[in-house]
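Chain residues, written in single-letter form:
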Amino acid sequence: MSIPGGAQVQTDSSDSLATSRRISGLDGLRAFAIAFVILGHARHIRGGEPIDHFLGAWDPAGYGVQVFFTLSGYLITTLLLREPRIDLGAFYVRRAYRILPAAVMYLIIVAAFVPLRDVATALFFVRNLERSGSALTAHYWSLSVEEQFYLVWPALLAFAPRRARLPAALAWLCVLPVWQHFTFVNGSPTILGNGLRADLQSGGIATGCALALLGPRISARAGSVVLLAGVLACPISAALGSGHGRAILASYLLNAGLGAVVLGAASGGVRWLDAGPLRWFGRLSFSLYLWQQPWVSPAASSLPSWPLGLLPALVCSMASYYFVERPMLKVRDARRVAEPPLARLPQDASGHHPAEG
């Protein structure tokens, strides 16, 4: 049911995803994000010592998750803006079909090996507020951050005046690094959960939301340059250190870098991101993020060492994607009420809207 008085959105080329190629480019970016997560986790397991030595202080897993956050904010906001009238109920139903089947199936399978409390906090997407617990559910912190953020952002888009949307996103991006610094300096993350609270980890998502509201502003020809600039900005932000002013500057630089990476990929000019294997690997990324945890993470200390652990992780991910994710997405799409053509995003080869995850 549409929200009475919901915001009207004029759909034009400035706030829409124009082609399926741009979506494919973002699928390719997802492939790199999940590869970073796996690489960062593999340093902690048997056989991962050479990786740990090579990476040093750099944490690719953290960057991979932040890229996922930025992609999510960009694509979810774009999807909502394309609706003639934002329907919060329909959004949350679509979101449930997208996230819950694979996420719940994973929890059902690992429930025998973890405390009930860990299963419950993961199931209700508050795992980021749990300061301890099993490594088998620790990766649900990022899913929790996203779902908590999306309890607020879609409602703001639906009810706030259109002219207030972008200022709200930009204001949060400006305030967030200062809030992060103030919070950590005063030790207050321990009051509620830890440093993985949604209010402290929402920079990437808010960056994606702001990009979607701004609309694409670069040509395909400039896409590679923008993406490269973003890739370089991310590690530079880490090198700035953790001093008072430098930590805030590093946060601003990281958000800008993440935005440039996503915007460069979305320009359609980075052709190699459209390569078939990258697109396939990117579409597998959600299931792979769930299932890398038992095999390629600190939870895998007694399981096959690197790189053998990649094989069962990949097998489990493919089973999740082809037998859980895709069938449920088809059910979701079959249940959707017909929408005006301009309000719908192009579907990819699997039959689902890529902007929904």
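Above this note sits the structure.
This section reports on the structure supplied with the text. It should be emphasised that the depicted structure is a prediction, and the values quoted were computed from it without experimental measurement.

1. Here's the deal with the overall build of the protein chain
- In terms of regular secondary structure, the protein chain is built from 15 helices and zero strands.
- Counting contacts in the protein chain only where the partners sit at least 6 residues apart, residues at least 24 apart contribute 74% of the total.
- Accessible area of the protein chain: about 15700 Å², with a carbon and sulfur share of 70%.

2. Looking at a nonpolar patch on the surface
- A grouping of Leu-228, Val-231, Leu-232 and Ile-236 is seen on the molecular surface, where their side chains present a nonpolar patch of about 360 Å² in accessible area.
- Position of Val-231 relative to the elements: it lies in helix α11 (residues 220-239).

3. Considering the pattern of salt bridges
- The tally for this structure, following the rule as stated, stands at nine salt bridges.
- Among the salt bridges present, the one from Arg-95 reaches Glu-146, with a minimum N-O distance of 2.7 Å. Here Arg-95, found in helix α4 (residues 88-110), pairs with Glu-146, found in helix α6 (residues 140-149); they are 51 residues apart in sequence, far enough to count as distant. Here the two residues Arg-95 and Glu-146 agree in accessibility, since each one is buried.
- The shortest N-O distance in the salt bridge between Arg-332 and Asp-333 comes to 3.1 Å.

4. With respect to the packing of helix α14 (residues 285-295) against helix α15 (residues 310-335)
- Packing of α14 against α15 brings their axes to within 8 Å, and their N-to-C directions diverge by 145°. As for the relative orientation of α14 and α15, their crossing is right-handed in sense. Between α14 and α15, the residues in contact are Phe-286, Ser-287, Leu-288, Trp-291, Gln-292 and Trp-295 and Pro-312, Ala-313, Leu-314, Cys-316, Ser-317, Ser-320, Tyr-321 and Glu-325, respectively.
- Each residue belonging to the contact of α14 with α15 can be placed in one class, and the counts come to nine nonpolar, four polar and one charged.

5. Some words on the nonpolar core
- Leu-26, Leu-29, Ile-34, Tyr-74, Trp-153, Ile-205 and Val-262 are the most contacted members of the largest nonpolar core, which has 56 residues in total.
- Top contributing element to this core by residue count: helix α3 (residues 60-81), with eleven residues.
- In contact with Val-262, other than residues within four places in its own chain, are Leu-26, Leu-29, Thr-70, Leu-71, Tyr-74 and Leu-211.
- Tyr-106, Val-110, Val-114 and Ala-122 belong to the second largest nonpolar core, which has 16 residues in total.

6. Focus: the packing of α6 against helix α10 (residues 203-214)
- Where α6 meets α10, the axes come as close as 10 Å, and the angle between the chain directions of the two elements is 45°. Between α6 and α10, the interaxial angle falls into the category oblique. The chirality of how α6 crosses α10 is right-handed. Along the contact surface, α6 presents Val-145, Glu-146 and Phe-149, while α10 presents Ile-205, Ala-206 and Cys-209.
- By residue class, the composition of the contact of α6 with α10 is five nonpolar, no polar and one charged.

7. Digging into the packing of aromatic side chains
- Under the counting rule described, the total for this entry stands at twelve aromatic pairs.
- Measuring from ring centre to ring centre gives 5.9 Å for Phe-69 and Trp-141, while their planes differ by 85°; the resulting arrangement is edge-to-face. Placement of Phe-69 in helix α3 and of Trp-141 in helix α6 is noted, with a sequence separation of 72 residues between them. Just as Phe-69 is buried, Trp-141 falls in that class too.
- Ring centres of Phe-91 and Tyr-150 lie 6.3 Å apart, and the angle between their planes is 70°; this geometry places the pair in the edge-to-face category. Pair noted here: Phe-91 is in helix α4 and Tyr-150 is in the loop between α6 and α7 (153-159), with a separation of 59 residues, a long-range link. There is no split in this pair, since Phe-91 and Tyr-150 are both buried.

8. With respect to α10
- Taking 1.5 Å of rise per residue, the twelve residues of α10 would be expected to cover 16 Å, and the 16 Å separating its terminal C-alpha atoms lies within 8% of that figure.
- Among the twelve residues that make up α10, eleven are buried, leaving the element largely enclosed by the rest of the structure.
- Where α10 is concerned, the buried positions are Gly-203, Gly-204, Ile-205, Ala-206, Thr-207, Gly-208, Cys-209, Ala-210, Leu-211, Ala-212 and Leu-213.
- Note on α10: the residue one or two positions beyond its end, Gly-215, has a positive phi of about 80°.

9. Quick look at α4
- Its 23 residues give α4 an end-to-end C-alpha distance of 32 Å, which sits within 8% of 33 Å, the value for a rise of 1.5 Å per residue.
- The largest bend in α4 comes to about 40°, at Leu-100, with the proline Pro-101 one to four residues further on.
- Sitting at the amino-terminal end of α4 is Asp-87, which places a side-chain oxygen 3.1 Å from the backbone nitrogen of Gly-89.

The rules we used
- Residues numbered from 1 in each chain as written.
- Predicted model: local features only at pLDDT ≥ 70, side-chain atom pairs only at ≥ 80, totals over all residues.
- Heavy atoms only, no water.
- Helix = DSSP H or I, 4+ residues; strand = E, 2+ residues; numbered from the N terminus.
- Contact = heavy atoms within 4.5 Å.
- Areas by Shrake-Rupley, 256 points an atom, 1.4 Å probe, with all protein chains shown as cover.
- Patch = residues over 30% accessible without salt bridge, like charges linked within 9 Å, V, L, I, M, F, W, Y side chains within 5 Å.
- Salt bridge = Lys/Arg side-chain N within 4 Å of Asp/Glu carboxyl O.
- Buried < 20%, exposed > 50% of the residue type's maximum accessible area, 1.4 Å probe, protein only.
- Axes fitted to C-alpha atoms, helices over the stretch in contact; angles between N-to-C directions.
- Left-handed = near helix turned anticlockwise from the far one by under 90°.
- Nonpolar A, V, L, I, M, F, W, Y, C, P; charged D, E, K, R; others polar.
- Core = buried A, V, L, I, M, F, W, Y, C linked by side-chain atoms within 4.5 Å.
- Parallel < 35°, antiparallel > 145°, perpendicular 65-115°, else oblique.
- Phe/Tyr/Trp six-rings, centres within 6.5 Å; stacked < 30°, edge-to-face > 60°.
- Expected span 1.5 Å × (residues − 1).
- Bend = angle between axes of the 7 residues up to and from the residue.
- Polar contact = N/O pair within 3.5 Å; in protein donor to acceptor, adjacent residues only side chain to side chain.

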